[in-house]
Each structure stands twice: as C-alpha cells, then as structure tokens.
Amino acid sequence: MSGEIAILGVGMHPWGKWGRNFVEYGVAAAREALADAGVPWRDVGFVSGGATMRCGYPGYVAGATFAQALGWQGAEVNTSYAACASGSQALAAARAKILSGQADVALVVGADTTPKGFLAPAKGERPDDPDWLRFRIGITNPTYFALYARRRMEAYGDTPEDFARVKVKNAEHGFTNPRARYRKKFTMEDVAASAMVADPLRLMDVCATSDGGAALIVSSLDYAKRIGKGDAPRIAAISTVTPTFASAIIEMPDLATDSAVAVPAKSFRAALPAKAYEEAGIGPEDIDVAEVYDLSTALELDWIEDLRLCGRGEAAGLLRDGATRIGGRIPVNPSGGLACFGEAVPAQALAQVCELAWQLRGQSGDRQVEGAKVGITANQGLFGHGSSVIVKR
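Residues numbered from 1 in each chain as written. Predicted model: local features only at pLDDT ≥ 70, side-chain atom pairs only at ≥ 80, totals over all residues. Heavy atoms only, no water.

Looking up the chain in an unreviewed UniProt entry gives the name Acetyl-CoA acetyltransferase, with the organism given as Rhizorhabdus histidinilytica.

And the structure:
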C-alpha cells in the first residue's frame, strides 16, 4: 500500500505581530486552503490541529477549536503538541487517519499568538522542569544557538561573516513573499551593525517570535483522482523520530550531553531526514529545494549538512558559492525562512510544507525554484521533538 497522501490545498495567514486571537489566523489559513483545494468544508472528515500553549484552553484543544470556529459538521478531531514540530505531528496524525481508510479528506491547521521577547516557560517554581531550570540559570534559546555557532567556528572554521551571509540570502529570498513578516533586504554591514545577543550571534542572526497560521487540505490519492487532482503534490514521507542514545550534541532544554564512552555518539538532527529519505525511497541527491528551521543563521548551515546536501563542514562553502540561493544548485529557504517570518510555533512546520507545495506547483513567483519536483523540510523543537517532511510531484 502506498504511504503517500495528496496535498489538495494550502493556506497561510501572513506572519506578523498582530496581537489578535490565534483562532482568527488559523481560520483564515484553513479557509484559504479549502478554497485552494476546491473542497467543501462538509467533505472534511478529520481536523488535526497543532496545539499552542500560550492561548489558554482553546489552544490546548486546537483541533476542536478550529472545527468549531469553521462550523461543527461532525468531523473527528485531534490535537497534537510537539513543540516546534507540532504541525508535523498533526500532519502525521492526519496521514494515519487517511491511510487507515477512516477519512478521505483532512484539514491540518496550526496558529499562534506569541508574546514579545523569548518564548519562556510558564511562571512558577518548578526545579524538576528542565525548561524552567535553564531559564532560571540564564540559558535562553539564543544561548544554545550561540553554542552551536561557536561549535561550527571551532570545528569547521566558519566565521560570523558566514552567518551573516545566511541572513542576507534569506532576506533576499523573502523580500517579495507576501506572507513574510520581514520584507526587507539586508547587507553584511547591516548584520554586523546589529546588537550582539549571544556571542557570536547578533540580533539579525536570531529569529523573532511571530503571530501566524498555516493550513493544509490533504486526502487519499483516490479522492484526489476523483476530483481531478491526481497530479497534486504528495506527502512522500514524514519523520518524527526521537534522539538515540548517546546524543552527540546538547539539545534544548538539556544541560549536558550523554556520555559516549561505551556507545558511539549520534546526531539527532541528522536522524530526522535520514528516516524521511528511507521512507520516501530517495536520497539527498534527489532534492531540488529545502525549507529548514533557521532559528539562527548558523543553524541553517547545520541543517544543510544534516540533510546531507553536502559533507560535514562544507555548508559555509556551499553558501559562499551561491549554491543555496534561488538559482543555485540546491536552494535553501526560498520562502525567506524564519529570518523573514519569525516563529509561530504550531504553524511553522506546516508553513514549510505550504512553501514546498507552492514551489512544486510552480506558484512561488519571484522566489520560484525552476523545475522543482522534490522538496524536504527540517524542523526541531524542545524535548526530543523534530520533523522532516518530503513532498514530491
């Protein structure tokens, strides 16, 4: 049996700092996806929502919240929470429902309203909560990002200028993206002049937090054919593997790595696309375009290597050569990435899939990757969550 499902429609509410209810963003994205698919709302048999922890109880039961906002019509609902990979987990639940034959069509939606500043844990005293503990001792997200950047500098000779090049590239990609929050081109000098956040990363090296929403209408391949969309882009793989002992690199919110004295260390981030490649029956040489989780500029370089688009330590060279730009050998983040969007947690992994669907349909305008047939995403969240999705046509 094929493990593929069709992407019939995609939709996004533009990213920004709108300060409104997250439901508004999710409903707007869902309605756009339904219109794009040409599917009546009553035909949707399953609604799978990515949860948000910042918006009260409706965010905890996001699937039902969006189903009610769109109008109760009897669909089954699900809500998934997996930190930054919540959207992918919600998509995986929808795929399972479709492949099991229990639904023909599903809506997958995630949206968030974020506070100003860091995505910090809830207030209170919880010394047994590692996320609370790291904030108490001053280890915010940019601290981890800076550690990863320092590691690249020490291991591979990368420089702050290399990190700045990532920002310049992504800003150029996202400049004409109507859904991006930041639509402004930057120079190397602009990045160098921005405030230091966590050495060596400056303000322009670190992504913001944003409001936004993204949605997909997915279906069985038979349903897609019945409505004349047999050539729609397909989800070929969804990987949501967890770390394997011994973990090679410290991951948020941990404060130490595993000991690798007796067991060889393994990379969690590299394991995510490895499983996706295996599931889809393809390899990195088949990828035409990638959307990766550039929480920081240096992390984009890590992801390029984790996706095996080049060897270890070679991503900065790929960037310098222009290979990761639109028009290059392997464009990375043609949407503009988190550099242009900021992070709306439960929506972000779905936004990556939306971009790949537009790319594979040839609908990305000035940021179009010519001839794109296969795309891959990479995403990571706290507590061993992450995802990699392969879309092909």
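## Some details on the domain arrangement of the chain
Accessible area lost when the parts come together is the quantity often used to give the size of an interface. Structurally, the chain comprises domain 1 (5-116 + 211-235) and domain 2 (130-207 + 236-392). With centres defined by C-alpha atoms, the gap from domain 1 to domain 2 works out at 24 Å. At the interface, 42 residues of domain 1 touch 38 residues of domain 2. Summing both partners gives a buried area of about 3,100 Å² for domain 1 against domain 2, and 68% of it is carried by carbon and sulfur. Of all residues in domain 1, Met12, Trp15 and Cys84 give up the largest surface area on contact with domain 2, accounting jointly for 25% of the area buried on that side. The partner of Arg179 in a salt bridge is Glu32, and the shortest N-O contact between them spans 2.6 Å. Sorting the residues of the side of domain 1 that touches domain 2 by element identifies strand E1 (5-16), helix H1 (22-37), helix H4 (86-99), strand E4 (105-112), strand E7 (211-219) and strand E8 (234-239) as the ones contributing at least two each. (Domains from an automatic or database assignment. Contact = heavy atoms within 4.5 Å. Buried area = accessible area lost by both parts, 1.4 Å probe. Salt bridge = Lys/Arg side-chain N within 4 Å of Asp/Glu carboxyl O. Helix = DSSP H or I, 4+ residues; strand = E, 2+ residues; numbered from the N terminus.)

## As for empty space enclosed by the protein
Here the structure, examined in full by the defined rule, presents one cavity of 30 Å³ or more. Taken as a whole, the largest cavity holds about 120 Å³ of empty space. Taken together, 14 residues make up the lining of the largest cavity; nearest its centre are Glu291, Ser335, Gln348, Ala351 and Gln352. Counting residues per element, the ones that place at least two in the lining of the largest cavity are strand E9 (289-292), helix H13 (337-341) and helix H14 (345-360). Top element by residues in the lining of the largest cavity is H14. It accounts for four residues. (1 Å grid on protein atoms, 1.4 Å probe; cavity = no way out; pocket = protein on both sides within 12 Å on 5 of 7 lines; lining within 4 Å. Points joined across faces, edges and corners; volume = space filled by probe spheres on them.)

## Things to note about the packing of aromatic side chains
Tallied over the full model, the rule gives three aromatic pairs. Here Trp15 and Phe341 contribute two aromatic rings whose centre-to-centre distance is 5.4 Å and whose plane-to-plane angle is 80 degrees, an arrangement assigned as edge-to-face. With a gap of 326 residues between them, Trp15 in strand E1 and Phe341 in helix H13 connect regions that are remote in the sequence. For Trp15, a relative accessible area of 2% puts it in the buried group. Judged by centre distance (5.8 Å) and plane angle (70 degrees), the rings of Tyr57 and Tyr60 are edge-to-face. Here Tyr57 pairs with Tyr60, and both are found in helix H2 (residues 57-60), just three residues apart, close to one helical turn. (Phe/Tyr/Trp six-rings, centres within 6.5 Å; stacked < 30°, edge-to-face > 60°. Buried < 20%, exposed > 50% of the residue type's maximum accessible area, 1.4 Å probe, protein only.)

## Quick look at the environment of Ala265
When you line up the elements, Ala265 lands in the loop between E8 and helix H10 (268-280). Spatially, the C-alpha atom of Ala265 lies 35 Å from that of Leu99, the residues being 166 residues apart in sequence. Ignoring sequence-local partners within four residues, the contact set of Ala265 consists of Ala246, Ala248 and Ala260.

## Structural notes on the nonpolar core
One finds Phe145, Leu301, Ile304, Leu307, Leu309 and Ile390 to be the most contacted residues of the largest nonpolar core, which totals 51 residues. Where this core is concerned, the elements lending two or more residues are helix H6 (141-156), helix H7 (160-174), E8, H10, E9, helix H11 (297-306), helix H12 (315-320) and strand E10 (374-380). Setting aside residues no more than four positions away along its own chain, Leu301 makes contact with Arg152, Asp158, Phe163, Val166, Ala315, Ala316 and Leu319. (Core = buried A, V, L, I, M, F, W, Y, C linked by side-chain atoms within 4.5 Å.)

## Examining unusual backbone geometry
Omega for the peptide link from Asp199 to Pro200 comes to 15 degrees, which places this bond in the cis form. Topologically, Pro200 is positioned in the loop between strand E5 (196-198) and strand E6 (201-202). With an omega of 5 degrees, the peptide bond running from Phe245 to Ala246 counts as cis. Residue placement: Ala246 occurs in the loop between E8 and H10. Positive phi, normally seen in glycine, also occurs at Ala83, with a value near 55 degrees. Along the polypeptide, Ala83 turns up in the loop between strand E3 (76-80) and H4.

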